[in-house]
Amino acid sequence: MAKPHLRKSQVLVSRCAVWAQGLKQAGLAWLGATALVATAWAANPGDDAFQDARDAWRLRDKPRLLAQRDALIQAHHPLAPWADYWYFQLRLVEIGPTEVDEFFARWPDAYVVDRARNDWLLELGRRKDWRNFLRIQPAFRMNDDREVSCLGVLARQQAGLPMEGPGELRDQARQLWWAQKDGDFGCDAMAQGLMSAGVLDAPDAWRKLRLSIEADKPRAVQQAARLLGDAVVQAMTRVMAQPELVLGSTPAHPLHTHGSAGARTPGAVIGPAPTKDKAKTKASRNARKDRNAKAGPRVSNLASTLGPWPSGLTPDMQAELNLLAFIRWTAADVNAAASALDQPEARERWGWSGEQMAWALAQLARVQAGKLLPQAVQSAERALAERTLALGAAAGRGNVSRLSAAWSADTLAWLARAGMRAAVAPASEVPLGGPAAWGVVEQAIDAMAPDQQQDPAWMYWKARALQQGHKSASEAHRRVANDLLRRIADPLTFYGQLATEALSGSTPRPPNVAPAVTEAELAQVRSLPGVDRALRLFELGWRSEAVREWNFTTSHGRPGGLSDRELLAMAEEACRRELWDRCIQASERTRSEVSLSQRYPTPFREDVLAAAREVGLDAAYMYGLIRQESRFIVSAKSAVGASGLMQVMPGTASWTARKLQIDYHPDRITDRQTNLRIGAGYLKLLLNRMGVAREEVRPWHRKGLAAAPPERSHAIGSLFLPPEASKAWVDLPTDKRRLAGVRIMRRDRKSTR
């Protein structure tokens, strides 16, 4: 599901109000009041056998693993289910249903058994054993694998059984297939089976192609194209590699080394015509040769490798392929794609219907919004208007459903964000603002699927749009807006706080303090098998397995879930062991009893306060950032390379260390004190260079950019710009940037996230 318009950095600092409550309740001395003494586990005599079992599993040594598994089971070792699961994994393709049932019966409530159900269901799908599949699937507690869900739909269709849950067979199949991100066996098998049975049809496959191109998932594109025939598969190869040429354009991209200026069609020329200067032409040709030489023979021979455009494509198929090419092109060069789409002949030349034009505009708006381009709101408005017309026309023909007209959740979220940014921007900087931009927000949220609309972020912004998107909000609008705000009001969440303030005009009061956890309650949760296994795995240093055991216990360890007191006890146990991320995770799941000291712990107090004092920064900012970004995991490292408590990128660390004269070496990026000092210094530099004081940021977080005077909205808003912002940022006047000469939006030659 798409996230609200605020990025991580916005959310973490905007939660300072919540954090302040936690610090106040904890007295910023939680560690001083709580003895953080971890109960050391006595070494279990079977730990060596368990380690050996894991080694055997990694080496795929079945006899050795079987021997260790049997020894662990005979010794009643608490972690024996894991060894049993590893042996099950190695024999998955050869094992029979009876043996699997015995394995499930041995460990009925263990995490590994539910994960094994996942594995077994996929294997049953490959075997097309639909009887056993339908027998096992209801027991799959986590139910977190879309591939299994797709196979479940196929199993019921093959068995001739009615669907369970909302929607008929086709509706459920389409929702699962379209929501699938990348290609996989299960959803592809379902699509093939249901296409053959006539449940899914060609328009469904074309819609899947659109969504897969948008998500940039080549495997899913290939699978969907195969359902439409060899000609489409061949055409899609060209669409993925040369979208501009498919649309009749002649791009300057180095991949495309053929095409003649005289052959250009209307709307294909992006930018000025080619120069006639022979010297420049020769220099350009030589530069292109150098680029192609570096890229290798694949680039220079791309056109011949792809082959000719396939024959036998109908006009409707060609129109869809043009739309797919446009989506692909927009992601690569949004400005060129926008210019081509603005040509009067574009829609007719590409053969698009109103619905296809609306989709193209929506994709254009999505990419523009992601890059913070001011034209995004205008494209979004055009897309929504075209969509309304297309839906009206289709309804008149009686052949439209809300599902088939839906854009992706990500696209609709970006359209709403484009409207929100434009609504609060100075009128001189956006082509469409004020009430009209709020109208874009309202329409985009109305177009979302019901589950996306129920996200508190979109409920809040729908209320704001109703309140401010009409020159004179009617009583009906105010009533609907207030109802939305009441439904999400909550003193513990960001949008819940905004909703409470909008309704009452005052800051929400923190919840009552939950009674302290007793030693008896701690002993009780330690005796839960899932908690016991998780703690033992943490002691062995197997964090990944430990986290999965812990999370399964908090969510699925018992039918109906754990009580609030049990969750608070689990959180307390985790905090005492300095497992801060698990402390927060368990405590946040409580429903009526709340402990702010668990949800907002303050570990590493001396180091955090020292780093904050060194640069004159409020420690609440640091705690908010650490909690959001690393959950207090000192060795945390993200997929893009951000490291340590404050998730600092290597380039940022080096630049900040030089700027603040901090002794630094790259191998110290996860050192606790070093990471805190660099992170605090960098955050302080951002605030100082923009001239943003805490008193100024707090109301902006609560009420949006409108709470700040126009001349300050740039400086405040830019504190939390997403990656693409640097491109728009450099074009702002210096007095609005407040960052002249400081490259804070770039790290390691890439934009920050």
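The structure displayed is predicted, hence computed values, not measured ones.

> Account for the overall build of the protein chain, with residues named and values stated.
A tally of regular secondary structure across the protein chain gives 44 helices and two strands. Counting across all 753 residues of the protein chain, residues that qualify as buried make up 52%. Counting contacts in the protein chain only where the partners sit at least 6 residues apart, residues at least 24 apart contribute 65% of the total.

> Any chance you could break down the pattern of salt bridges for me, citing the residues and the numbers?
Per the counting criterion, the structure on display carries 45 salt bridges. Across the salt bridge formed by Glu593 and Arg565, the nearest N and O atoms sit 2.8 Å from each other. Of this pair, Glu593 sits in the loop between helix H35 (580-587) and helix H36 (596-599) while Arg565 sits in helix H34 (residues 564-576), and the two are 28 residues apart along the sequence.

> Which residues make up the packing of aromatic side chains, and what values go with them?
Tallied over the entire structure, the rule returns 20 aromatic pairs. Note on Phe103 and Phe104: the rings are 5.9 Å apart at their centroids and 45 degrees apart in plane angle, and the pair reads as tilted. Look at Phe494 and Tyr495: their rings are 4.9 Å apart centre to centre, the planes differ by 70 degrees, and that puts the pair in the edge-to-face class. When sorted by exposure, Phe494 lands in the same class as Tyr495, which is buried. Each member of the aromatic cluster is reached from another via a ring pair, and the members are Phe50, Trp57, Trp82, Trp86, Tyr111, Trp542 and Phe552.

> Kindly report on the packing of helix H31 (residues 519-526) against H34, identifying the contributing residues and their values.
At their nearest, the axes of H31 and H34 sit 9 Å apart, and the two run at 90 degrees to each other. With respect to their mutual orientation, H31 and H34 come out roughly perpendicular. Between H31 and H34, the residues in contact are Glu519, Glu521, Leu522, Gln524, Val525 and Arg526 and Arg565, Glu566, Ala569, Met570, Glu572, Glu573 and Arg576, respectively. Among the residues forming the contact of H31 with H34, the class breakdown is four nonpolar, one polar and eight charged.

> With reference to specific residues and values, describe the environment of Asn322.
Relative to the helices and strands, Asn322 resides in helix H20 (residues 315-332). Sequence spacing of Asn322 and Pro243 is 79 residues, and the spatial spacing of their C-alpha atoms is 8.2 Å. With residues near it in sequence (within four places) discarded, Asn322 still touches Val246, Leu247, Trp350 and Trp352.

> Pulling in residues and values, what's your account of helix H4 (residues 47-58)?
For H4, built from 12 residues, the straight-helix expectation of 16 Å at 1.5 Å per residue is met to within 8% by its first-to-last C-alpha distance of 17 Å. Burial in H4 covers these residues: Asp47, Ala49, Phe50, Ala53, Arg54 and Ala56. Among the structural elements, helix H5 (62-74), helix H6 (80-90), helix H32 (529-540) and helix H33 (543-556) are those in contact with the buried residues of H4. Just downstream of H4, Arg60 is the residue with a positive phi angle, here 55 degrees.

> Would you mind going over the state of the cysteines in detail, with residue names and values included?
Summed over all chains, the structure comprises two disulfides. One disulfide bridge connects Cys150 with Cys187, the sulfur atoms lying 2.1 Å from each other. Because the sign of the S-S torsion sets the handedness, a value of about 75 degrees for the bond joining Cys150 and Cys187 places this disulfide among the right-handed ones. One end of the pair, Cys150, is in helix H10 (residues 146-159); the other, Cys187, is in helix H12 (residues 185-196), with 37 residues separating them in the sequence. The class for Cys187 is buried, based on a relative accessible area of 0%.

> Talk me through helix H8 (residues 111-127); I want residue IDs and the actual numbers.
Quick reminder: α-helices carry 3.6 residues per turn. Residues three or four places apart thus point the same way. Across its 17 residues, H8 extends 25 Å between first and last C-alpha, which sits within 8% of the 24 Å expected from 1.5 Å per residue. The element H8 is extensively covered by neighbouring structure, given that 15 of its 17 residues are classed as buried.

> So what's going on with the confidence of the model for the protein chain? Which residues, and what values?
Of the residues in the protein chain, 76% have a pLDDT of 70 or more, and the chain-wide mean is 82. Contacts from residues 1-41, a stretch scored under 50 in pLDDT, to residues over four places away or in other chains number 112 contacts. Confidence drops under a pLDDT of 50 for residues 713-730, and excluding neighbours within four residues, the segment shows 53 contacts in the predicted structure.

> Which residues make up unusual backbone geometry, and what values go with them?
Even without being a glycine, Asn143 presents a positive backbone phi close to 45 degrees. The residue Asn143 is located in the loop between helix H9 (130-136) and H10 in this model. Positioned with a positive phi, Leu372 is a non-glycine residue whose angle comes to about 60 degrees. Here Leu372 is to be found in the loop between helix H23 (354-370) and helix H24 (376-397). Judged by its relative accessible area of 14%, Leu372 is buried.

Rules of the game
- Residues numbered from 1 in each chain as written.
- Predicted model: local features only at pLDDT ≥ 70, side-chain atom pairs only at ≥ 80, totals over all residues.
- Heavy atoms only, no water.
- Helix = DSSP H or I, 4+ residues; strand = E, 2+ residues; numbered from the N terminus.
- Buried < 20%, exposed > 50% of the residue type's maximum accessible area, 1.4 Å probe, protein only.
- Contact = heavy atoms within 4.5 Å.
- Salt bridge = Lys/Arg side-chain N within 4 Å of Asp/Glu carboxyl O.
- Phe/Tyr/Trp six-rings, centres within 6.5 Å; stacked < 30°, edge-to-face > 60°.
- Axes fitted to C-alpha atoms, helices over the stretch in contact; angles between N-to-C directions.
- Parallel < 35°, antiparallel > 145°, perpendicular 65-115°, else oblique.
- Nonpolar A, V, L, I, M, F, W, Y, C, P; charged D, E, K, R; others polar.
- Expected span 1.5 Å × (residues − 1).
- Disulfide = S-S within 2.5 Å.
- pLDDT = per-residue confidence, 0-100.

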